[in-house]
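# What the coordinates show
Residue-level listing of the chains:
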Amino acid sequence: MAQPGFPSRPLSIVVPYTAGSSSDILARLLAPHLGNELGQPVVVENRAGAGGTIGMGYVARSAPDGHTMALTSSSAGPINRALYRNLNFDPVRDVPLVYQTNLSTNALVVAGNSPFRTVADLVARARAQGQPSLQYFSPGNGTSQHLCGVLLAQSAPGRMEHIPYRGPAEGLTAVIGGEVSFGFASLSSIMGLLRDGRLRALGTTGANPIPSLPGVPTLASAGFPRFADLVVWTGLAVTRGTPDPVMRRLHAAIGAALATPAVQERFAQIGIEPAPAMTLAETEAFAERQVTLWTELVRDADLRAD
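Because the structure is predicted, anything quoted here is derived from the model rather than measured. (Residues numbered from 1 in each chain as written. Predicted model: local features only at pLDDT ≥ 70, side-chain atom pairs only at ≥ 80, totals over all residues. Heavy atoms only, no water.)

Now for the overall build of the protein chain. Scanning the protein chain from terminus to terminus reveals ten helices and eleven strands. Relative to a compact globule of 306 residues, whose C-alpha radius of gyration would be 19 Å, the protein chain shows 20 Å and is just as compact. Along the first, second and third principal axes, the C-alpha atoms of the protein chain reach 70 × 40 × 30 Å. Per-residue burial over the protein chain gives 53% buried out of 306 residues. Long-range contacts, defined here as pairs at least 24 residues apart, represent 79% of the contacts in the protein chain between residues at least 6 apart. Accessible area of the protein chain: about 13,300 Å², with a carbon and sulfur share of 52%. For the protein chain, the centre of its 23 positive side-chain charges and the centre of its 22 negative side-chain charges are spaced 3 Å apart. (Helix = DSSP H or I, 4+ residues; strand = E, 2+ residues; numbered from the N terminus. Rg over C-alpha atoms; globule rule 2.2 N^0.38 Å. Buried < 20%, exposed > 50% of the residue type's maximum accessible area, 1.4 Å probe, protein only. Contact = heavy atoms within 4.5 Å. Areas by Shrake-Rupley, 256 points an atom, 1.4 Å probe, with all protein chains shown as cover. Lys, Arg positive; Asp, Glu negative; His and termini not counted. Charge placed at Lys NZ, Arg CZ, Asp CG, Glu CD.)

Here it is as structure tokens:
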């Protein structure tokens, strides 16, 4: 049973990545506002390493009382669950999501001078007989951008070849220079390149069009429905076994913190897209769909990290 005084002491948000990372920035933005809602200080603690599994494992082994949270994500949760097959904990079910805080959309991009004007053009070329494979970049094996490419190749069978780069900047340079034909990239990394015409976006992941990309369809609306659920997300999670009243208290407090004008203004300044509000039951169902989606993609790509 939840103690009626929750929270009874300061809380912590464990970030499974280094200080200064995008996850760390988000946690430090939310912490003081969440503390105001809960009436206790909220401190941020970085426990980086092993692709995020060290920090997530720490929270999985913490007392299930709601005082220790993880800043989880699609990478730290379902992707790592599929990639790291010898973990001694489950980064999704042992650290269940309480609230999805924000989303990040990936876009399918080609060079500004590419002959491909639509996703259909690109797919038709990949299926053309007697043509070499279309090569696509990613910022590394197992990244969400890589797995977006895997899903496209799976959804539109043709000749597509993955070329991993050391990071997004190198991959984007390769597509602009014609070394590869296309790739997926986060919106935050490409907006300037789209504006100056060096890149062209053919479609975006997620269920809804992006207001800042007028005329660019979602991949789901272009005939690839599985992309509707394929979003990069971040959220706050707790240790499995945390009492339901505590889960509900945290869910309400996180929602209130996200709704404060200061947080909304800062989100807009740094290009963070807030996630649509969901109930705890909807959040749980979303997490389960994410496990299925990312596990299938990692399996189809024959990836593993241990």
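Right, picking up where we left off after that structure.
Before going further, it helps to spend a moment on the environment of Ala301. Relative to the assigned elements, Ala301 resides in the segment after α10 (280–300). Note on Ala301: relative accessible area 22%, which makes it partly exposed. With sequence-adjacent residues up to four places away left out, Ala301 is seen in contact with His146, Leu147 and Val150.

On to helix α7 (residues 187–195), then. Taken together, the buried positions of α7 are occupied by Leu187, Ile190, Met191, Leu193 and Leu194. Positive backbone phi, at 85 degrees, marks Gly197, one or two positions downstream of α7.

Burial analysis of helix α2 (residues 53–60) places six of its eight residues in the buried class, which makes it a mostly covered element. Taken together, the buried positions of α2 are occupied by Thr53, Gly55, Met56, Gly57, Val59 and Ala60. In the core, the buried residues of α2 are packed alongside β1 (11–15), β3 (68–73) and α3 (75–83).

Turning next to the sheet that holds strand β7 (residues 160–164). Taken together, five strands build an open sheet; the order of strands is β7-β6-β8-β5-β9 and the sheet is mixed. Bordering the open sheet on either side are β7 and β9 (199–204), each of which pairs with just one other strand. Going across the sheet, the axis of each strand differs from the next one's by a mean of 35 degrees, ignoring polarity. In this sheet, strand β8 (residues 182–186) lies alongside strand β6 (residues 134–138) in parallel orientation, the contact comprising two bridges. Looking across to β8, one finds that Tyr136 is bridged to Phe182. Sheet strands touched by helix α4 (residues 119–127): β5 (106–111), β6, β7, β8 and β9. Its angle to β6, the strand with the most contacts, is close to 125 degrees. The strands that helix α6 (residues 168–176) touches are β5, β6, β8 and β9; relative to β5, the one it contacts most, it runs at about 40 degrees. (Pairing = 2+ DSSP bridges. Axes fitted to C-alpha atoms, helices over the stretch in contact; angles between N-to-C directions.)

A word on the packing of aromatic side chains. Given two aromatic rings, their pairing is described by the distance between the two centres and the angle made by the two planes. Tallying each qualifying case throughout the model produces three aromatic pairs. Each ring, one from Trp233 and one from Phe286, has its centre 5.7 Å from the other, and the planes form 70 degrees; the classification is edge-to-face. One end of the pair, Trp233, is in strand β10 (residues 232–237); the other, Phe286, is in helix α10, with 53 residues separating them in the sequence. By relative accessible area, Phe286 is classed as buried at 6%. A cation sits over an aromatic face here: Arg47 above Tyr58, 3.7 Å from the ring centre. (Phe/Tyr/Trp six-rings, centres within 6.5 Å; stacked < 30°, edge-to-face > 60°. Lys NZ or Arg CZ within 6 Å of the ring centre and 35° of its normal.)

Let's shift gears to the sheet that holds β3. Across the sheet, which stays open at both edges, the six strands sit in the order β2-β1-β3-β10-β4-β11 with mixed pairing between neighbours. Each of the sheet's edge strands pairs with one partner strand only, and the pair in question is β2 (42–46) and β11 (273–274). For strand β4 (residues 97–104) and β10, the ladder comprises six bridges, and the chain directions are antiparallel. Directly across from Leu103, in β10, lies its bridge partner Trp233. In the packing of helix α1 (residues 22–38) onto the sheet, the strands contacted are β1, β2, β3, β4 and β10, and the crossing angle to β2 comes to about 155 degrees.

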